[in-house]
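Architecture at a glance
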Amino acid sequence: MSRTFAAISSNGAFTLLELLLVTTLMAVLSAVALPRLSGATRASRLESGAGAVAQYVRFGRKAAIERGLRVRLEFADEGRSFFLRVQDEESLLREAYTEFGDGLLDADWRLPDRVRATKVVLRGVPGPLTPLVFTPDGVSDDLTIMLRNEAGRETSIVLGPGWDQIWIEAGTDGPANR
């Protein structure tokens, strides 16, 4: 029997036992690795969403400066999408906003799946998702936009008063950061 085994092994073939061991090992490794990959995917979606909102804030501030008008960043669909609107030039004395007439700036952008904006923190006080207004010099209030994924992890997009002051801060998991 050992001669048969040696003869088969030397030909490069695998025994059924070897195949079962390798298959079992791969199944165990997959079971361990998949939850970690899933968490990495959730974190990646959250980071991607924060980057998109931060970039759009930059667009809004730049548009306010270039046009000399107020620009608003608004959230829709329960914080799952966002868009920019510019102050209507014909109604400078009232708060009327309209589209830019530019495909990029007028587009409604969606956050990645299972990520949404949850609140705006203005001067340290959490509040609802209210529109953010950028003045004609690109300035806004000091505020923080909070994004959350389905696992409860939050990321902050922090806006300083200056037109170029914006950064992203990774948050913590779970209810401690709510």
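The structure under discussion appears in the preceding block.
This section reports on the structure supplied with the text. Small disclaimer: the values here were computed from a predicted structure and weren't measured. (Residues numbered from 1 in each chain as written. Predicted model: local features only at pLDDT ≥ 70, side-chain atom pairs only at ≥ 80, totals over all residues. Heavy atoms only, no water.)

Take unusual backbone geometry next. Excluding glycine, residues mostly have negative phi values, and the peptide bonds linking residues are mostly trans. Despite not being glycine, R114 shows a phi value in the positive range, around 65°. Position of R114 relative to the elements: it lies in the loop between β4 (109–110) and β5 (115–122). Assessed through its relative accessible area of 57%, R114 is described here as exposed. One non-glycine residue, R123, adopts positive backbone phi at about 50°. Relative to the assigned elements, R123 resides in the loop between β5 and β6 (125–127). (Helix = DSSP H or I, 4+ residues; strand = E, 2+ residues; numbered from the N terminus. Buried < 20%, exposed > 50% of the residue type's maximum accessible area, 1.4 Å probe, protein only.)

Next up on the list: the layout of surface pockets. Over the atoms a probe the size of a water molecule is rolled, and this reveals where empty space is left. By volume, the largest pocket is sized at about 160 Å³. Every residue along the wall of the largest pocket is listed here: V120, L122, V125, G127, P128, T130, P131, L132, V133, S140, D141 and L143. Taken together, the residues of the lining of the largest pocket sort by class into eight nonpolar, three polar and one charged. (1 Å grid on protein atoms, 1.4 Å probe; cavity = no way out; pocket = protein on both sides within 12 Å on 5 of 7 lines; lining within 4 Å. Points joined across faces, edges and corners; volume = space filled by probe spheres on them. Nonpolar A, V, L, I, M, F, W, Y, C, P; charged D, E, K, R; others polar.)

Within the structure shown, the criterion is met by nine salt bridges. For D77, the salt bridge is made with R110, and the minimal N-O distance between the two is 2.8 Å. Placement of the pair is D77 in the loop between β1 (71–76) and β2 (81–87) and R110 in strand β4, with a sequence separation of 33 residues. Residue D77 is classed as partly exposed on the basis of its relative accessible area of 40%. Residue D141 is joined to R123 by a salt bridge in which the shortest nitrogen-to-oxygen separation is 3.4 Å. (Salt bridge = Lys/Arg side-chain N within 4 Å of Asp/Glu carboxyl O.)

For the rest of this paragraph, the subject is the packing of aromatic side chains. Tallied over the full model, the rule gives four aromatic pairs. Ring geometry for Y56 against F59: centres 5.9 Å apart, planes inclined by 75°, an arrangement best described as edge-to-face. Linking Y56 with F59, this pair stays in helix α2 (residues 16–67), spanning three residues, or about one helical turn. Ring plane angle 55° and centroid distance 6.3 Å describe the contact between F75 and F82, whose orientation is recorded as tilted. With a relative accessible area of 14%, F75 lands in the buried category. (Phe/Tyr/Trp six-rings, centres within 6.5 Å; stacked < 30°, edge-to-face > 60°.)

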